[in-house]
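Now for the letters of each chain:
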Amino acid sequence: MDFQTRGVSIPLFFTFFAVLAITGTALQENPRGKYSGNSNSITQINSNSVLVALLDSHYTELSELVEKALLLQTLEEAVSKHNITIFAPKNEALERDLDPEFKRFLLEPGNLKSLQNLLLFHMIPARFESKHWPVEVNIPSHHTSLCNDANDEKIPVIGKNGEKFVGMAKIIKAEDIIRPDGIIHGIERVLIPKSVQMDFNTRRSLRSISAVLPEGAPEVDPRTHRLKKTAPPVQAGAPPALPIFDAMAPGPSLAPAPAPGPGGPHHHFDGESQVKDFIQTLLHYGGYNEMADILVNLTSLASEMGRLVSEGYVLTVLAPNDEAMAKLTTDQLSEPGAPEQIMYYHLIPEYQTEESMYNSVRRFGKVKYDTLRLPHKVVAEEADGSVKFGQGEGSAYLFDPDIYTDGRISVQGIDGVLIPPEENKPVPKSVPVAKVVSKPRRGKLLEMACTMLGAFGQDCQ
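A brief report on the enclosed structure follows. Bear in mind that the values here come from a model prediction, so they are computed numbers and not experimental data. (Residues numbered from 1 in each chain as written. Predicted model: local features only at pLDDT ≥ 70, side-chain atom pairs only at ≥ 80, totals over all residues. Heavy atoms only, no water.)

Let's shift gears to the sheet that holds strand β12 (residues 315–320). With mixed pairing, the 7 strands of this open sheet are ordered in space as β13-β12-β18-β17-β16-β15-β14. Taken across any chain shown, the strands that pair with only one partner, and hence form the sheet edges, are β13 (347–348) and β14 (366–370). Sheet topology note: the β12/strand β18 (residues 409–414) ladder contains 6 bridges and is parallel. Its bridge partner being in β18, Ala 319 is matched across the sheet by Gly 413. Against the sheet, helix α10 (residues 271–285) makes contact with β12, β17 (396–405) and β18, and its axis sits at roughly 125 degrees relative to β17, the strand it touches most. (Pairing = 2+ DSSP bridges. Helix = DSSP H or I, 4+ residues; strand = E, 2+ residues; numbered from the N terminus. Contact = heavy atoms within 4.5 Å. Axes fitted to C-alpha atoms, helices over the stretch in contact; angles between N-to-C directions.)

Following this line, the structure appears as structure tokens:
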């Protein structure tokens with residue numbers, strides 16, 4: 001007999017409470033919130049999970065790689081099933097200590113599987129605390145990682161001289177992060193499984209075979225008729241081996257330059273920025289706008305100077321002020337390449353300051369400095385307590401010393417435009433040649449015949 005309680009039958013009432021009891025038991029057995037069923041199972045991670053702690057920790061390089069490797073869902077499923085232990089390399093190990101070529105290999109889109117295997121090799125599906133470390137020396141305990149493609153390669157955990165190691169990596173911060181479903185230990189280097197190392201070696205071997213850089217034919221020295229030997233390797237930051245004249249771009253009076261010096265490809269100096277800085281300094285200093293205009297607009301000398309400084313060369317610029325530049329005539333600037341030639345004579349391939357030049361001229365009297373306008377040199381001497389450049393009408397005094405000095409470029413202001421002495425000489429005027437009128441001369445035989453005829457009283461006409 002069924003009793004009715006407010007329209008609900010007693011058997012239905014007991015069935016409802018039975019379902020609630022079963023559901024509660026299932027939730028207690030699965031406290032991490034995983035609902036398991038068909039293939040469309042839903043995994044919910046607690047905010048106190050070790051995975052969330054990893055993503056919010058100071059192991060930023062590792063957490064970024066986990067996201068790039070698309071491992072979040074895989075790790076969520078692993079955390080929902082069991083505790084995990086993560087051996088997290090420090091940021092420097094993944095950012096600076098890792099071989100750049102190997103890191104590029106891992107980050108290539110086609111090598112996603114290798115990146116995943118590398119990261120999963122740092123995680124074991126068990127809770128491994130400091131108290132679980134082997135006490136006996138040189139007797140490691142081996143643990144299986146989450147990397148399924150490790151080919152039975154296990155992670156050795158060992159203790160040496162009171163320190164803890166995972167493989168070859170030293171534990172630098174044990175139990176750095178502790179959560180109910182896992183633990184994180186900080187290690188000093190990256191663990192690389194053999195499978196990933198083998199993939200990298202195979203890819204590098206194929207690349208070296210299929211992408212061989214072409215090499216030029218051996219060069220023969222025309223003087224000795226022997227093969228030229230390759231130059232020895234140059235350390236980074238070493239001064240250029242070639243003279244600055246060989247590294248210059250071909251100009252109006254220069255032969256084509258060979259390849260730049262060994263400092264060129266390394267770019268240890270930012271010449272472009274340094275040239276831009278000294279030109280800005282000229283403009284802000286005032287009185288050198290014409291000089292800046294020639295370097296930037298009328299010629300490409302600013303770019304050429306930046307390239308030379310980037311390759312390790314140094315320059316001293318003798319900058320004429322606007323008053324001196326205004327004295328240049330149109331004929332001096334109108335010829336092709338004339339502005340470049342004038343500026344080349346004001347560029348010294350040395351780093352000189354006002355103090356160094358003044359000390360030199362006081363000690364030696366006259367000093368000749370090489371210029372970028374071959375083969376001309378500029379002469380400096382002491383005059384009126386300052387430095388005088390050039391001779392005669394094409395001379396100039398050091399007017400504004402040390403306008404710009406940065407260790408690579410030195411700018412010294414002068415009050416005149418320097419002209420090479422050979423070009424400063426006036427062209428001699430042509431002297432008219434007097435015409436000499438010579439009387440026609442008779443031959444000697446004819447004169448002798450006339451003499452004989454005159455002896456006989458006959459006229460030779």
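This part covers the nonpolar core. Generally speaking, soluble globular proteins have nonpolar side chains that are buried together. Leu 62, Leu 75, Ile 86, Leu 106, Leu 119 and Ile 184 are the most contacted members of the largest nonpolar core, which has 47 residues in total. Those residues in contact with Leu 106 that sit more than four places away from it in its chain are Leu 98, Asn 111, Ser 114, Leu 115, Leu 118 and Val 196. Residues Leu 308, Met 325, Val 411 and Val 417 belong to the second largest nonpolar core, which totals 33 residues. (Core = buried A, V, L, I, M, F, W, Y, C linked by side-chain atoms within 4.5 Å. Buried < 20%, exposed > 50% of the residue type's maximum accessible area, 1.4 Å probe, protein only.)

You can see Thr 316 is positioned in strand β12. Residue class for Thr 316 comes out buried when judged on its relative accessible area of 0%. Here Gln 352 takes part through its backbone nitrogen, which lies 2.8 Å from a polar atom of the side chain of Thr 316. Among residues more than four places away in sequence, those in contact with Thr 316 are His 346, Leu 347, Ile 348, Glu 350, Tyr 351, Gln 352, Ser 410 and Gln 412. (Polar contact = N/O pair within 3.5 Å; in protein donor to acceptor, adjacent residues only side chain to side chain.)

A separate point is the packing of α10 against helix α12 (residues 301–310). At a closest axis distance of 7 Å, the pairing of α10 and α12 adopts a crossing angle of 130 degrees. Comparing the axis directions of α10 and α12 gives the class oblique. The interaxial crossing formed by α10 with α12 has right-handed handedness. Facing Gly 271, Glu 272, Gln 274, Val 275, Phe 278 and Ile 279 of α10, the residues of α12 in contact are Ala 302, Met 305, Gly 306, Val 309 and Ser 310. Of the residues contributing to the contact of α10 with α12, the split by class is 6 nonpolar, 4 polar and 1 charged. (Parallel < 35°, antiparallel > 145°, perpendicular 65-115°, else oblique. Left-handed = near helix turned anticlockwise from the far one by under 90°. Nonpolar A, V, L, I, M, F, W, Y, C, P; charged D, E, K, R; others polar.)

Let's shift gears to the sheet that holds strand β8 (residues 169–179). Reading across from one edge, β4-β3-β9-β8-β7-β6-β5 is the order of the 7 strands in this open sheet, with mixed pairing throughout. Looking at the sheet topology across the chains shown, the edges are occupied by β4 (123–124) and β5 (141–143). Looking at chain direction, strand β3 (residues 84–89) and strand β9 (residues 182–187) are connected through 6 bridges and run parallel. Residue Thr 85 lies in a different strand from β9, and its bridge partner there is Ile 183.

As for its position among the elements, Asp 415 is in the loop between β18 and α17 (421–424). Separated by 97 residues in the primary sequence, Asp 415 and Leu 318 have C-alpha atoms spaced 9.7 Å apart. Aside from chain neighbours lying at most four places away, what touches Asp 415 is Asn 321, Ala 324, Ala 396, Tyr 397 and Phe 399. A polar contact is formed between the side chain of Asp 415 and the backbone nitrogen of Tyr 397, at a distance of 2.7 Å.

A few words now on the packing of aromatic side chains. Inspection of every chain in the model, using the stated rule, returns 6 aromatic pairs. Taking the centre distance of 5.0 Å and the plane angle of 70 degrees together, the rings of Phe 128 and Trp 133 count as edge-to-face. Given a relative accessible area of 6%, Phe 128 falls into the buried group. Relative to Tyr 404, the ring of Phe 278 has its centre 6.1 Å away and its plane inclined at 45 degrees; by these criteria the two rings are tilted. A residue pair is termed long-range when its members are at least 10 positions apart, and Phe 278 in helix α10 and Tyr 404 in strand β17 qualify at 126 residues. Among the aromatic side chains, those forming a connected cluster through ring pairs are Phe 102, Phe 105 and Phe 200. (Phe/Tyr/Trp six-rings, centres within 6.5 Å; stacked < 30°, edge-to-face > 60°.)

Here the focus is the pattern of salt bridges. As a working rule, side chains carrying opposite charge can pair if their charged atoms are close by. Under the criterion given, the structure shown has 7 salt bridges. The partner of Glu 129 in a salt bridge is Lys 131, and the shortest N-O contact between them spans 3.7 Å. Ionic contacts of the salt-bridge type, sharing partners, join the residues Arg 127, Glu 129 and Lys 131 into one network. (Salt bridge = Lys/Arg side-chain N within 4 Å of Asp/Glu carboxyl O.)

Let us look at the side chain of Lys 388. Tracing the backbone through its elements, the reader meets Lys 388 in strand β16 (residues 386–389). The side chain of Lys 388 sits in the buried core without any salt bridge; Glu 381 is the nearest counter-charge, 4.4 Å away. Beyond its immediate chain neighbours, meaning those up to four positions away, Lys 388 contacts Val 379, Ala 380, Glu 381, Ala 383, Ser 395, Ala 396 and Tyr 397. (Lys, Arg positive; Asp, Glu negative; His and termini not counted.)

For the rest of this paragraph, the subject is the environment of Leu 71. Turning to its location among the elements, Leu 71 is positioned in the loop between α3 (60–68) and α4 (72–81). For Leu 71, a relative accessible area of 2% translates into the label buried. C-alpha of Leu 71 to C-alpha of Gln 116: the two residues are 45 residues apart in sequence and 7.1 Å apart in space.

Once that is clear, we can look at the pairing of strand β6 (residues 155–160). Across 3 bridges, the pairing between β5 and β6 is antiparallel. Within β6, the residue paired with His 143 across the bridge is Ile 155. Linking two consecutive strands that pair antiparallel, namely β6 and strand β7 (residues 163–166), is a turn of 2 residues; a positive phi of about 50 degrees is found at Asn 161 within it.

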